[in-house]
Amino acid sequence: EYDRSHQLMEERLRLGAAEAPALVEAHELLACSSFHQGNFREALDHTDSVLAAYDPGQHLGLMALHGENPAVSTRHWAALAQWFLGYPDRALRTMEEALALAADGSHSFSLSHAHEHAAYLFQHRAEPEGARRHAEITIRLAEEAGYEYRHATGTMMRGWALAATDPGAGLAVLDAGLGAYRATGAAMDLPYFLALRAGVLLRLGRLDEASDALDAAEAVIPPGRRYYYQPELLRLRADVLRRRGAAEWVA
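Here is a short report on the structure shown in this document. (Residues numbered from 1 in each chain as written. Predicted model: local features only at pLDDT ≥ 70, side-chain atom pairs only at ≥ 80, totals over all residues. Heavy atoms only, no water.)

### Here we look at the overall build of the chain
The criterion, for reference: Only DSSP runs of H or I covering at least 4 residues are called helices, and only runs of E covering at least 2 are called strands; the numbering of each starts at the N terminus. C-alpha atoms define the radius of gyration in this analysis, and the globule rule sets the expected value at 2.2 Å times the number of residues to the power 0.38. Residue burial is assigned from relative accessible area. The probe radius is 1.4 Å, only protein chains are included, and a residue is buried under 20% of its type maximum, exposed over 50%, and partly exposed in between. Here the accessible surface of atoms and residues is derived via Shrake-Rupley with a 1.4 Å probe, and residues count as covered only by protein chains that are part of the display.
Counting secondary structure elements, the chain contains 13 helices and zero strands. In terms of overall dimensions, the chain is globule-like: its C-alpha atoms have a radius of gyration of 19 Å, near the 18 Å expected for 251 residues. Oriented by its inertia axes, the alpha-carbon framework of the chain measures out at about 70 × 40 × 35 Å. When each of the 251 residues of the chain is scored for burial, the buried share is 49%. Surface accessibility of the chain: about 11600 Å² in total, with carbon and sulfur atoms responsible for 54%.

Okay, structure coming up:
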């Protein structure tokens, strides 16, 4: 419910405008919310605000407030926004900064989150090996600490990467992760993961199932709302229709 989250965080900014922890908390969440609504420049504005307000001397207190290191999470939101704005090299550098900050080993949740988002970035770059590498680190960290959500997302990314060479096996792994993801009750990135599933199904020529996956993805997005991955959902839908049309023409 991105509109509602925006309202709450903007109110939080008004209530605690002079407090650095409030600024960091609100702007980091607004970066996440803006990104998911496809407002990538706005997301970058919020990440800049976080980094301007962030005081490393309050590092432990901010991690207690957020549950993770905001200097890390802010950078991987920035990296993903930069990718969608058309800055692939900058996005990769920013993600590497996030991973380097998280790599001190002091906070496994921040590290697992950074590797999860690095896997997303390599998926967007259509680089399965990079996605697989970061997905497997995400899975390992999740298994060690019991992060069920992150284990599910890492498994889906591993499945997508495997599908590049073995679509059938990759789909089975992706579906296992998707089932675990749904079991957590999460929905924030469900359209994205369903789009990945649709893409693998298209590789397998299973057009009806790909169309069903896209229907399910679109059903999660409230009518009239923007979602950052909607252009790819539309491209995949067009691919389904194109292939159906080609099949009908050949027949």
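### A word on the pattern of salt bridges
Condition: Counted as salt bridges are all cases of a side-chain nitrogen of Lys or Arg within 4 Å of a carboxyl oxygen of Asp or Glu.
For the structure shown, the criterion picks out 17 salt bridges. Notably, a salt bridge pairs Glu129 with Arg132, separated by 2.2 Å at the nearest N-O pair. With a gap of three residues between them, Glu129 and Arg132 both fall in helix H8 (residues 128-145), about one helical turn apart. With relative accessibility at 45%, the residue Glu129 sits in the partly exposed group. Here Arg140 and Glu144 are joined by a salt bridge, their closest N and O atoms 3.4 Å apart. Of this pair, Arg140 and Glu144 both sit in helix H8, four residues apart, which is roughly one turn of the helix. Under the relative-accessibility criterion, Glu144 is labelled exposed at 57%.

### Side note on the side chain of His115
Put simply, the rule is: Whether two residues are in contact is decided by their heavy atoms, any of which lying within 4.5 Å being enough.
Here His115 shows up in helix H7 (residues 108-124). Filtering out sequence-adjacent residues up to four positions away, His115 remains in contact with Leu99, His134, Ile137, Thr138 and Leu141.

### Quick look at the nonpolar core
Put simply, the rule reads: Nonpolar core, defined: a set of buried Ala, Val, Leu, Ile, Met, Phe, Trp, Tyr and Cys residues in which side-chain atoms within 4.5 Å join the residues together.
In terms of nonpolar packing, the biggest core is built from 60 residues, with Phe35, Met157, Tyr192, Phe193 and Leu196 touching the most fellow members. Ranked by residue count, the leading element in this core is helix H11 (residues 190-203), at ten residues. If we skip the residues at most four places from it in the chain, Phe35 touches Phe40, Ala43, Trp77, Leu80, Ala81, Phe84 and Tyr228.

### Some thoughts on the side chain of Arg197
Its place among the elements puts Arg197 in helix H11. The exposure class assigned to Arg197 is buried, which follows from its relative accessible area of 17%. Excluding anything up to four places from it in sequence, Arg197 contacts Leu171, Leu174, Asp175, Leu178 and Ala213.

### Examining the packing of helix H6 (residues 88-102) against H7
We count it as follows: Here, axes are lines fitted to C-alpha atoms. For helices the fit covers the stretch in contact, and angles between N-to-C directions go from 0 to 180 degrees. Angle categories are assigned with fixed cut-offs, so that under 35 degrees is roughly parallel, over 145 is roughly antiparallel, 65 to 115 is roughly perpendicular, and the rest are oblique. Helix crossings are classified by the rotation of the near helix relative to the far one: an anticlockwise turn of less than a right angle makes the crossing left-handed, while a clockwise turn makes it right-handed.
As a packed pair, H6 and H7 sit with axes 9 Å apart at the nearest point and diverge in direction by 160 degrees. When the axes of H6 and H7 are compared, the pair comes out roughly antiparallel. Crossing handedness for the pair H6 and H7: left-handed. Contacts between H6 and H7 involve Ala91, Leu92, Met95, Ala98, Leu99 and Ala102 from the first element and Ser110, Leu111, Ala114, His115, His117, Ala118, Leu121 and Phe122 from the second.

### So, the packing of helix H10 (residues 167-183) against H11
It is the contact of H10 with H11, at a shortest axis distance of 10 Å, that shows an interaxial angle of 160 degrees. Taken together, the axes of H10 and H11 lie roughly antiparallel to each other. Note on packing geometry: the crossing formed by H10 with H11 is left-handed. Touching Pro167, Leu171, Leu174, Asp175, Leu178, Tyr181 and Arg182 of H10 are Leu190, Phe193, Leu194, Leu196, Arg197, Val200 and Leu201, all from H11.

### What to know about a negative patch on the surface
Operational definition: Patches here: salt-bridge-free residues with over 30% relative accessible area, like charges joined within 9 Å, nonpolar side chains (Val, Leu, Ile, Met, Phe, Trp, Tyr) joined within 5 Å. Charge counting follows a simple rule: Lys and Arg are positive, Asp and Glu are negative, and His as well as the terminal groups are ignored. To locate a charge, the coordinates of NZ of Lys, CZ of Arg, CG of Asp or CD of Glu are taken.
A surface patch of negative charge is lined by Glu10, Glu42, Asp45 and Asp48. The element contributing the most residues to the negative patch is helix H3 (residues 40-53), with three residues. Summarising the element assignment, Asp48 is placed in helix H3.

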